[in-house]
Amino acid sequence: MASRNDHRAAPPRTRQIRQLRRIRAFYGAGFALWAASAAWTGLESPGSRQMWVALLLLGVFTGLLLTATTWVRRLESAGPRRPAHHTAPRMTAASQHGTP
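All values reported here derive from a predicted model rather than from experimental measurement. (Residues numbered from 1 in each chain as written. Predicted model: local features only at pLDDT ≥ 70, side-chain atom pairs only at ≥ 80, totals over all residues. Heavy atoms only, no water.)

Visitor: Explain the overall build of the protein residue by residue, including any values.
Guide: Along its length, the protein carries 3 helices and 0 strands. The secondary structure elements of the protein, listed N-terminal to C-terminal, are α-α-α. Residue pairs in contact within the protein that sit at least 24 positions apart in sequence constitute 70% of those at least 6 positions apart. Carbon and sulfur atoms make up 61% of the accessible area of the protein, which amounts to about 8600 Å² in all. (Helix = DSSP H or I, 4+ residues; strand = E, 2+ residues; numbered from the N terminus. Contact = heavy atoms within 4.5 Å. Areas by Shrake-Rupley, 256 points an atom, 1.4 Å probe, with all protein chains shown as cover.)

See the structure below:
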């Protein structure tokens, strides 16, 4: 019996792009959350420790979001990989054993 991922699984590059898109959406949500939190605490108590922590986490999620976006663009622009054919073309038996 063939394993489950022999012929039905997506190519590794497609899986990587799909996973990076999911994580990019998560980082985008984190960015939005911490941006709202930083704005809220900045209005309520400017210069407080909570505001600086929110800004720090906003910076972390911004970096993660930019990194994931860069990786997705690189993988998408590289296009699908095709296996390299390193073997010589096959020759028929008649051409190998020609007349002397």
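Visitor: So what's going on with the side chain of Thr 41? Residues and values would help.
Guide: Relative to the helices and strands, Thr 41 is located in helix α1 (residues 12-44). Beyond its immediate sequence surroundings of up to four residues, Thr 41 is in contact with Pro 46, Gln 50, Met 51 and Ala 54.

Visitor: An account of helix α2 (residues 49-78) is requested, with residue identities and associated values reported.
Guide: Given 3.6 residues per turn, any residue in an α-helix points the same way as the ones three and four places further on. Under the 1.5 Å per step criterion, the end-to-end length of α2 is 44 Å for 30 residues, consistent within 8% with the ideal 44 Å. When we look at burial in α2, the residues that qualify are Met 51, Ala 54, Leu 58, Phe 61, Ala 68, Thr 69, Val 72 and Leu 75. If you follow the buried residues of α2, they end up packed against α1. (Expected span 1.5 Å × (residues − 1). Buried < 20%, exposed > 50% of the residue type's maximum accessible area, 1.4 Å probe, protein only.)

Visitor: How would you explain a nonpolar patch on the surface if you had to name every residue and give the values?
Guide: A surface patch of nonpolar side chains, amounting to about 250 Å² of accessible area, comprises Leu 56, Val 60 and Leu 64. Residue classification places Leu 56 among the exposed positions, given a relative accessible area of 56%. (Patch = residues over 30% accessible without salt bridge, like charges linked within 9 Å, V, L, I, M, F, W, Y side chains within 5 Å. Salt bridge = Lys/Arg side-chain N within 4 Å of Asp/Glu carboxyl O.)

Visitor: Which residues make up the packing of aromatic side chains, and what values go with them?
Guide: The relative placement of two aromatic rings is captured by the distance of their centres and the angle of their planes. Considering all chains together, one arrives at 3 aromatic pairs under this definition. Measuring from centroid to centroid gives 6.2 Å for Tyr 27 and Phe 61, while their planes differ by 70°, and the two rings are edge-to-face. Note that Tyr 27 is positioned in helix α1 and Phe 61 in helix α2, a separation of 34 residues in sequence. The structure contains a cluster of three or more aromatic residues connected by ring pairs, namely Phe 26, Tyr 27 and Phe 61. (Phe/Tyr/Trp six-rings, centres within 6.5 Å; stacked < 30°, edge-to-face > 60°.)

Visitor: With reference to specific residues and values, describe the side chain of Thr 69.
Guide: Inspection of the secondary structure assignment puts Thr 69 in helix α2. Judged by its relative accessible area of 18%, Thr 69 is buried.

Visitor: Could you give an account of the confidence of the model for the protein, with specific residues and numbers?
Guide: As a note on interpretation, predicted positions should not be read in detail where pLDDT is low. For the protein, per-residue confidence averages 82 on the pLDDT scale, and 68% of positions sit at 70 or higher. α2 holds the highest mean pLDDT among the elements of the protein, 94, whereas helix α3 (residues 93-96) holds the lowest, 58. (pLDDT = per-residue confidence, 0-100.)

Visitor: Go over the environment of Met 51, please, and point to the residues and values.
Guide: The topology assignment puts Met 51 in helix α2. Here Met 51 falls in the buried class, since its relative accessible area comes to 11%. Once the C-alpha coordinates of Met 51 and Ala 39 are considered, the two residues, 12 residues apart in sequence, prove to be 8.0 Å apart. Filtering out sequence-adjacent residues up to four positions away, Met 51 remains in contact with Ala 38, Thr 41, Gly 42, Ser 45 and Pro 46.

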